[in-house]
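Structure assessment
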Amino acid sequence: MKFRIIPKISRGIYISVKPRHDSAGGGANTFSWNYHRFLVRNQIPTVDNLLFAEKTVVIADKVNLNLLWLAKKTGCFILHRLDEHFEKNELPARRKRHDKIIRINRLADVTVFQSEFVRNNVLPYLKTENWKVIINGADPTVFHDNQRERIYVGHVTNSVGDKKRLDLLEKAIKEHPEEKFLLVGNHNKSTINFSCYSNVKMIGSVGKDELAGYYQTMKCLYFPSENDPCPNTVVESILSGVPVCYNRVGGTVEIVRDCGLPLDQFNILLQEIPQLHKNCADRDDLHFDLVAKKYMNLMHC
């Protein structure tokens, strides 16, 4: 197949996922939404057509490979952002997605892994030697601590797959009838009937602004998801002043640092919330503008 090289009409940064201000799209949409707003605020030109881009941020597999190849041929700088977990003996659909990621990465000038967990897991499948680990960030003008009264142990998810370990969430609900649990997301789609518990309040999937309000009512976030590369939920929680009880397996621990404790120390966490809450207030490193500047530096902007 022959391709016609299209000359660039304008120059700017292209993001491979078009941002939407809603709860759909998961981490890819959240990053795209935050990054696009950063570029606009700083009057950095953006383009809607990959073939007109001077630089592009490709999120996982979210790009047309043929167009990316063309862009590469016309001198476009390619940053490949990865927030993945590769496994052996994957199902066909997942294996196809990861095979595409490997092909995309061959065209990349630099690769960004969202955590050391991602790097350790994914790098052996790639040939890249130019990479950087950059933890996710969130918008502190949306997610912040407003000192409201906090009464709930929270849980936030739009996915109810096995890796979310909702069975561990149910176990915690059963073992702590004295605690009120606030579940925000698609918990009603789970095979577990959370609505049957008297200490559970369920909220459906919500947008960013409404979600920020619910974080303000949480005294801690119970986050049992395992093999999670770098969950935005945890970043948003900490910026909202909400300590995190996390699964040791995955990249979550790299985000939390001294702003929470692992699942097996949940009882201790409940006693140490005041101090953990103060620790959350010192996490300016999770402000998205600081994260975005690291991306810009990698692209020599």
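These notes cover the structure that comes with them. This is a predicted model, so every value here is computed, not measured. In every chain, residue numbers begin from 1 and rise along the written sequence. Per-residue local features are limited, in this predicted model, to residues with pLDDT of at least 70; the limit for side-chain atom pairs, both in listing and counting, is 80 or more; totals at the level of whole chains, interfaces and linings are taken over all residues. Heavy atoms throughout the structure, all of them, feed into the side-chain values; hydrogens and water do not.

This brings us to the overall build of the chain. Comment: elements are numbered from the N terminus, with helices defined as DSSP H or I runs of at least four residues and strands as E runs of at least two. Scanning the chain from terminus to terminus reveals eleven helices and eleven strands. With C-alpha atoms as the basis for the radius of gyration, the globule rule is written as 2.2 Å multiplied by the number of residues raised to the power 0.38. A compact globule built from 301 residues would reach a C-alpha radius of gyration of about 19 Å, and the chain, at 20 Å, matches this within 12%. Only protein chains enter the area calculation, which uses a 1.4 Å probe; residues under 20% of their type maximum are buried, those over 50% are exposed, and those in between are partly exposed. For the chain, the residues scored as buried account for 54% of the 301 residues in total. In what follows, a contact means two residues having at least one pair of non-hydrogen atoms within 4.5 Å. Contacts in the chain between residues far apart in sequence, at least 24 positions, make up 65% of those at least 6 positions apart. Here the accessible surface of atoms and residues is derived via Shrake-Rupley with a 1.4 Å probe, and residues count as covered only by protein chains that are part of the display. Total accessible area computed for the chain in this model is approximately 14,500 Å², and 50% of it derives from carbon and sulfur atoms.

Let us look at the side chain of Thr 128. Secondary-structure assignment places Thr 128 in the loop between helix H4 (116–122) and strand E5 (131–133). Pairs of N or O atoms within 3.5 Å make up the polar contacts considered here, provided that, within protein, one atom can donate a hydrogen while the other can accept it, and that residues adjacent in sequence are counted only when both atoms are side-chain atoms. Looking at Thr 128, its side chain comes within polar contact range of the main-chain nitrogen of Asn 130, at 3.2 Å.

Quick look at the pairing of strand E4 (residues 110–113) now. A two-sided burial pattern is seen for E4, the buried positions comprising Val 110 and Val 112 on one face and Thr 111 and Phe 113 on the other. Pairing between strands is defined by DSSP: at least two bridges between the two strands are required. Examined bridge by bridge, strand E3 (residues 77–82) and E4 share four bridges and lie parallel to one another. Bridge pairing links Arg 81 to Val 112 in E4. By the criterion used throughout, a crossover qualifies as right-handed when its path from the first strand across the helix to the second strand runs clockwise, the strands pointing away from the viewer. In this region the chain leaves E3, passes through helix H3 (residues 92–105) and returns to the parallel neighbour E4; the handedness of that crossover is right-handed. Across three bridges, the pairing between E4 and E5 is parallel.

Salt bridge, as applied in this entry: a Lys or Arg side-chain nitrogen positioned within 4 Å of an Asp or Glu carboxyl oxygen. Going through the model one piece at a time under the given rule, you end up with 18 salt bridges. Salt-bridge contacts for Asp 109 lead to Lys 72; the nearest nitrogen and oxygen are separated by 3.1 Å. Taken together, the positions of Asp 109 in the loop between H3 and E4 and Lys 72 in helix H2 (residues 65–73) put the pair 37 residues apart, joining distant regions of the chain. With relative accessibility at 27%, the residue Asp 109 sits in the partly exposed group. Among the residues examined, Lys 72 registers a relative accessible area of 29% and is labelled partly exposed.

Moving on: the environment of His 36. Relative to the assigned elements, His 36 resides in helix H1 (residues 26–41). Classification of His 36 by relative accessible area gives partly exposed; the value is 29%. For the pair His 36 and Phe 223, spaced 187 residues apart in sequence, the C-alpha separation works out to 28 Å. Ignoring any residue separated from it by four or fewer positions in sequence, one finds His 36 in contact with Ile 15, Pro 19 and Thr 46.

Further remarks concern the sheet that holds strand E6 (residues 152–157). Two modes of strand pairing occur in sheets, parallel and antiparallel, and in both the strands are linked by backbone hydrogen bonds. Overall, parallel pairing links the six strands, which are arranged E8-E7-E6-E9-E10-E11 in an open sheet. Unpaired on one side and paired on the other, strand E8 (200–203) and strand E11 (260–262) mark the two borders of the sheet. When the angles between neighbouring strand axes are averaged without regard to direction, this sheet yields 25°. Two elements, strand E9 (residues 218–223) and strand E10 (residues 244–246), share three bridges in a ladder whose sense is parallel. Along E10, the bridge assignment pairs Leu 221 with Val 244. Most of the contacts of helix H6 (residues 208–215) go to strand E7 (residues 180–185), to which it runs at about 170°, and overall it touches E6, E7, E8 and E9. Interaxial angles span 0 to 180 degrees and are taken between N-to-C directions of axes, which are lines fitted to C-alpha atoms, for helices over the stretch in contact.

The next subject is the packing of H1 against helix H11 (residues 288–298). Each pair of packed helices gets described by two things: the angle between the helix axes and the distance between those axes. At a minimum axis distance of 10 Å, the contact between H1 and H11 shows a crossing angle of 80°. With respect to H11, the axis of H1 lies roughly perpendicular. For the pair formed by H1 and H11, the contact residues are Phe 31, Asn 34, Tyr 35, Phe 38, Leu 39 and Arg 41 on the first element and Phe 288, Asp 289, Ala 292, Lys 293, Tyr 295 and Met 296 on the second. Here the contact of H1 with H11 is composed, by residue class, of eight nonpolar, one polar and three charged. Angle categories: roughly parallel below 35 degrees, roughly antiparallel above 145, roughly perpendicular from 65 to 115, and oblique for all the rest. Throughout, the ten residues Ala, Val, Leu, Ile, Met, Phe, Trp, Tyr, Cys and Pro are labelled nonpolar, Asp, Glu, Lys and Arg are labelled charged, and all others, Gly among them, are labelled polar.

In this section: unusual backbone geometry. The backbone phi angle of Ala 60 is positive, close to 55°, even though this residue is not glycine. Given the relative accessible area of 5%, Ala 60 is considered buried. Positive phi is not limited to glycine here, since Arg 165 has a value of about 50°. With respect to the element layout, Arg 165 can be found in the loop between E6 and helix H5 (166–175).

Mapped onto the elements, Gln 114 comes out in the loop between E4 and H4. Polar contacts involving the side chain of Gln 114 include one to the side chain of Arg 81, which spans 3.1 Å. A distance of 3.0 Å separates the side chain of Gln 114 from the side chain of Tyr 295, its partner in a polar contact. Sequence-distant contacts of Gln 114, that is, excluding residues within four places in its chain, are made with Arg 81, Leu 82, Asp 83, Ile 134, Ile 135, Asn 136, Cys 230 and Tyr 295.

This part takes up the sheet that holds E3. The strand order across the open sheet formed by five strands is E1-E2-E3-E4-E5, and the pairing between neighbours is parallel. Strands with a single pairing partner mark the edges of an open sheet, and in this sheet they are strand E1 (13–15) and E5. The mean angle between the axes of side-by-side strands here comes to 20°, regardless of whether they run parallel or antiparallel. Helix-sheet contacts for H1 involve E1, strand E2 (55–59) and E3, and the interaxial angle to E1 is about 160°.

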